[in-house]
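# Results of the structural survey
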Amino acid sequence: MSSDSPKKTALVTGASRGIGKAIALELHRSGHRVLCISRSLESSRAVVEEINGDGGEAKGYAVDVSKPDQIKATAEEILKEWQLVDVLVNNAGITRDGLLIRMSDEDWYDVIQTNMSSCFHWTQSLIRPMARARSGRIINIASVIGLIGNAGQVNYASAKAGIIGMTKSVAKEFAPRSVTVNAVAPGFIESDMTSVLNDEIKDAILKNIPMKRMGKPEEIANVVGFIASPLSNYITGQVFTVDGGMVM
Ligand code: NAP
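Here is a short report on the structure shown in this document. For every chain, the first residue of its written sequence is number 1, and the numbers climb from 1 along that sequence. Totals for whole chains, interfaces and linings use all residues, but because this is a predicted model, local features are given only for residues with pLDDT of at least 70 and pairs of side-chain atoms are given and counted only at 80 or more. Note: side-chain values were computed over all heavy atoms of the structure, leaving out hydrogens and water.

## Examining the nonpolar core
Formed by 31 residues in total, the largest nonpolar core has its most connected members in Leu11, Trp122 and Leu126. Strands are runs of DSSP state E lasting at least 2 residues, helices are runs of H or I lasting at least 4, and numbering of each runs from the N terminus. Looking at this core, the elements that each hand over two or more residues are β2 (33-38), α3 (68-82), α4 (105-133), α6 (154-174) and β6 (179-186). Contacts: residue pairs with any heavy atoms within 4.5 Å of one another. If near-sequence neighbours (up to four positions away) are discounted, Leu126 is found in contact with Leu11, Ala75, Leu79, Val85 and Leu88. Throughout this description, the term nonpolar core refers to a set of buried Ala, Val, Leu, Ile, Met, Phe, Trp, Tyr and Cys residues connected via side-chain atoms within 4.5 Å. A 1.4 Å probe rolled over the protein chains alone gives each residue an accessible area, and that area as a share of the maximum for its type sets the label: buried under 20%, exposed over 50%, partly exposed in between. Counting 29 residues, the second-largest nonpolar core is a separate cluster that includes Leu25, Val87, Ile220 and Ile227.

As structure tokens, this is what we get:
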């Protein structure tokens with residue numbers, strides 16, 4: 001972004017750690033003001049301080065994205081302060097794995113609400129000013145699991161597949177207003193989410209990755225940076241798979 005253009009505002013959910021943190025730092029590097037969402041101000045403090053300490057502009061917001069009221073109230077507060085969020089990155093997500101037969105209603109709804117419904121509520125709350133400005137980017141972090149399914153992850157796979165359907169539908173609704181909506185589907189990426197997997201599971205996963213390694217959060221953030229930039233002006237409704245060749 002050239003230094004004489006006004007600073008654009010990006011909002012990243014789940015910005016405190018892992019992929020979301022890497023995305024927040026990448027969007028800072030490309031000149032955005034970054035609004036960092038996580039469940040507590042404490043958890044996003046480090047990334048907010050890193051960006052502000054590097055001559056950028058960041059602010060943390062404590063929002064539980066599984067709660068629509070909290071999303072709506074925060075979006076209202078943000079639009080009052082900044083008028084427009086130029087780039088919305090729906091990244092916050094959780095896993096509550098278990099086989100279908102044993103999955104509790106709570107584990108089903110927690111994952112659907114946190115991973116998928118949150119994307120709907122943030123998008124609905126922030127898209128109007130983008131449409132008025134006839135520009136904007138919505139970037140949803142899905143997963144290869146939403147494309148291929150996974151035993152033990154019926155809730156997660158359903159949420160991620162739902163995000164892909166949502167991405168394509170909203171892309172069609174808002175393409176005439178030049179608001180683009182795309183998804184990124186990461187494969188297996190080094191983060192807290194995957195650090196809990198035991199070595200046996202990790203080895204089995206690596207066998208199915210042609211590049212024979214897990215990805216790094218920055219490798220997802222680089223693609224998000226591209227989608228957020230003017231280089232992607234004519235791309236909407238797409239799913240960018242970033243997975244070392246797992247799904248071809
Ligand atoms: P992570 O390290 O576990 O981080 C999760 C982030 O989401 C944290 O910032 C966390 O914030 C936030 N979060 C979780 N629940 C929240 C809630 N209810 N309200 C607000 N924030 C919430 O996960 P990650 O690996 O970076 O994953 C990021 C995204 O990529 C997820 O959507 C995940 O499904 C997707 N993904 C990951 C992989 C992978 O291999 N890692 C692969 C495919 C897709 P707190 O500080 O509040 O905990």
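## Some thoughts on the packing of α4 against α6
To obtain each axis, a line is fitted to C-alpha atoms, and for helices this fit is confined to the stretch in contact; angles are then taken between N-to-C directions over 0 to 180 degrees. The interhelical angle for the contact between α4 and α6, taken along N-to-C directions, is 15°, at an axis separation of 8 Å. Relative to α6, the element α4 is oriented roughly parallel. Note that α4 runs across α6; the crossing there is right-handed. On α6, the residues touching Asp107, Trp108, Val111, Ile112, Asn115, Met116, Cys119, Phe120, Thr123, Ile127 and Ala131 of α4 are Val154, Asn155, Tyr156, Ser158, Ala159, Lys160, Gly162, Ile163, Met166, Val170 and Phe174. Angle categories are assigned with fixed cut-offs, so that under 35 degrees is roughly parallel, over 145 is roughly antiparallel, 65 to 115 is roughly perpendicular, and the rest are oblique. Handedness of each helix crossing follows the sense of rotation of the near helix against the far helix: counterclockwise by less than a right angle gives left-handed, clockwise gives right-handed.

## Some points on the site of the ligand
For this description, a residue counts as near a given molecule or strand if any of its non-hydrogen atoms is within 4 Å of it. As a structural note, the neighbourhood of the ligand is formed by 30 residues, with Ser16, Arg17, Asn91, Tyr156 and Ser191 the closest of them. Any N or O atom pair separated by 3.5 Å or less is treated as a polar contact, with the protein-specific requirement of one donor-capable and one acceptor-capable atom, and with residues adjacent in sequence counted only for side-chain atom pairs. Contacts to the ligand include Ser43, whose side-chain N or O atom sits 2.8 Å from an oxygen atom. Backbone polar atom of Gly187 to an oxygen atom of the ligand: 3.4 Å apart, as the coordinates give it. For the ligand, the protein covers 95% of the area, taking 890 Å² as the surface of the free molecule. At the level of elements, α1 (18-29), α6 and α7 (192-195) are the ones that each hand at least two residues to the shell around the ligand. Counting residues per element, the shell around the ligand draws most heavily on α7, which supplies 3 residues. Note on residue classes: Ala, Val, Leu, Ile, Met, Phe, Trp, Tyr, Cys and Pro are nonpolar, Asp, Glu, Lys and Arg are charged, and everything else, Gly too, is polar. Here the residues of the shell around the ligand are counted per class, giving 13 nonpolar, 12 polar and 5 charged. For the accessible areas, the method is Shrake-Rupley and the probe is 1.4 Å, while residue cover comes only from the protein chains on display.

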